[in-house]
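Read off the chains here:
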Amino acid sequence: MKFYYRPGSSALFPHIILCETRARFSLDNVDTRTKKTEQGQDYLLINPKGLVPALVLDDGSILTECIAISLYLADKAPQYNLIAPPATIHHYHAIEWLSYIATELHKSFTPLFRPGTPELYKDLLRSYLTQRFRYLNEVLGEHDYLVGNRFGVADAYLFTVCRWAPEFKLDLIQFPALLAFLERVSGRPSVEKALTAEGLEVKY
């Protein structure tokens, strides 16, 4: 398989899952501004959306979108227990958390990355995100991980999104349970491997 990513982007989430499942894959860094890969390919021919990540499977088919790629990898390697079996309540709780992280956190961060976003709107987003982090801190004060008290796909997604907080003056020190969670996740070999491959440091 070949995984197309940009360092520090949301692609870190499925990258962690690739490492967790010990998949065999190669990496190709994408310049999302020029839409060129580090191998000089036109990335739009691989993913017409122009966004990362994309995963080219061994049969040549292509998957895009973080959640779809991560669920595919978790389902293909059930022995790693990254998501509970279908038809179990924990399976749907995992999807519930993935939806929450995508819509309430990830999408709230997106305008902060855009240089043209008005400062007033950025302040509103930071306030909104702080409320979401407060809720997560309450949840993680009672559980080590989001679902079933074991590491899974939703935890990898939450870790990836929380790494963006310091860049936008969102201080997580007021959320000790969330910080303890991030520390637990950052110590996993799969996370260390993905961060190293992308040239990233642990930060939150």
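In this numbering scheme, every chain counts its residues from 1 along its sequence in written order. Reporting of local features is limited, given that this is a predicted model, to residues whose pLDDT is at least 70; pairs of side-chain atoms are given and counted only at 80 or more, and all residues count toward the totals for whole chains, interfaces and linings. The side-chain figures draw on all heavy atoms in the structure; neither hydrogens nor water molecules are used.

## Observations regarding the packing of helix α1 (residues 12-20) against helix α5 (residues 153-162)
Stage number 1. Axes here refer to lines fitted to C-alpha atoms; in helices the fit is confined to the stretch in contact. Angles between the N-to-C directions go from 0 to 180 degrees. Helical segments are the DSSP runs of H or I of at least four residues, strand segments are the runs of E of at least two, and each set is numbered from the N terminus. At a minimum axis separation of 8 Å, α1 and α5 run at an interaxial angle of 135 degrees. One element, α1, and the other, α5, form an angle in the oblique class. For the crossing formed where α1 meets α5, the hand is right-handed. Facing α1, whose interface residues are Leu12, Phe13, Ile16 and Ile17, α5 presents Val153, Ala156, Tyr157, Phe159 and Thr160.
Stage number 2. By the convention adopted, Pro, Cys, Tyr, Trp, Phe, Met, Ile, Leu, Val and Ala count as nonpolar, Lys, Arg, Asp and Glu as charged, and the other residues, Gly among them, as polar. Here the contact of α1 with α5 is built from residues that sort into 8 nonpolar, 1 polar and no charged. Here the angle decides the label: under 35 degrees means roughly parallel, over 145 means roughly antiparallel, 65 to 115 means roughly perpendicular, and every other value means oblique. Crossing handedness is defined as follows: a turn of the near helix away from the far one that is anticlockwise and smaller than a right angle gives a left-handed crossing, while the clockwise case is right-handed. Two residues qualify as a contact provided that any one of their heavy atoms is within 4.5 Å of a heavy atom in the partner residue.

## A look at the domain arrangement of the chain
Stage number 1. Here the chain is partitioned into domain 1 (2-80) and domain 2 (89-188).
Stage number 2. On a C-alpha basis, the centroid separation for the pair domain 1 and domain 2 is 22 Å.
Stage number 3. Taken together, the contact between domain 1 and domain 2 spans 12 residues of the former and 12 residues of the latter.
Stage number 4. Accessible area that two parts lose when put together, evaluated with a 1.4 Å probe and summed over both, is termed the buried area. Three residues stand out in domain 1 for area buried against domain 2, namely Phe13, Glu20 and Ile67, and they jointly supply 39% of the buried area on that side.
Stage number 5. One speaks of a salt bridge when a side-chain nitrogen belonging to Lys or Arg is within 4 Å of a carboxyl oxygen belonging to Asp or Glu. Inspection of the region where domain 1 meets domain 2 yields 1 salt bridge.
Stage number 6. Between Arg188 and Glu20 there is a salt bridge; the shortest N-O distance is 2.7 Å.
Stage number 7. Think of a polar contact as two N or O atoms within 3.5 Å of one another; within protein, one of them needs to be a possible hydrogen donor and the other a possible acceptor, and neighboring residues in sequence only count if both atoms come from side chains. Counting the contacts that link domain 1 with domain 2 gives 3 residue pairs in polar contact (both at pLDDT 80 or more).
Stage number 8. Of all elements in the fold, only α1 and α2 (66-76) reach the threshold of two or more residues within the side of domain 1 that touches domain 2.
Stage number 9. At 5 residues, the largest contribution of residues to the side of domain 1 that touches domain 2 is made by α1.
Stage number 10. Across the side of domain 1 that touches domain 2, the residue classes tally to 7 nonpolar, 4 polar and 1 charged. Residue ranges assigned to the domains are those given by an automatic or database domain assignment.

## Comments concerning the side chain of Thr117
Stage number 1. In this fold, Thr117 is placed in the loop between α3 (89-109) and α4 (119-140).
Stage number 2. Each residue touching Thr117, except ones within four places of it in the same chain, is listed here: Pro111 and Lys122.

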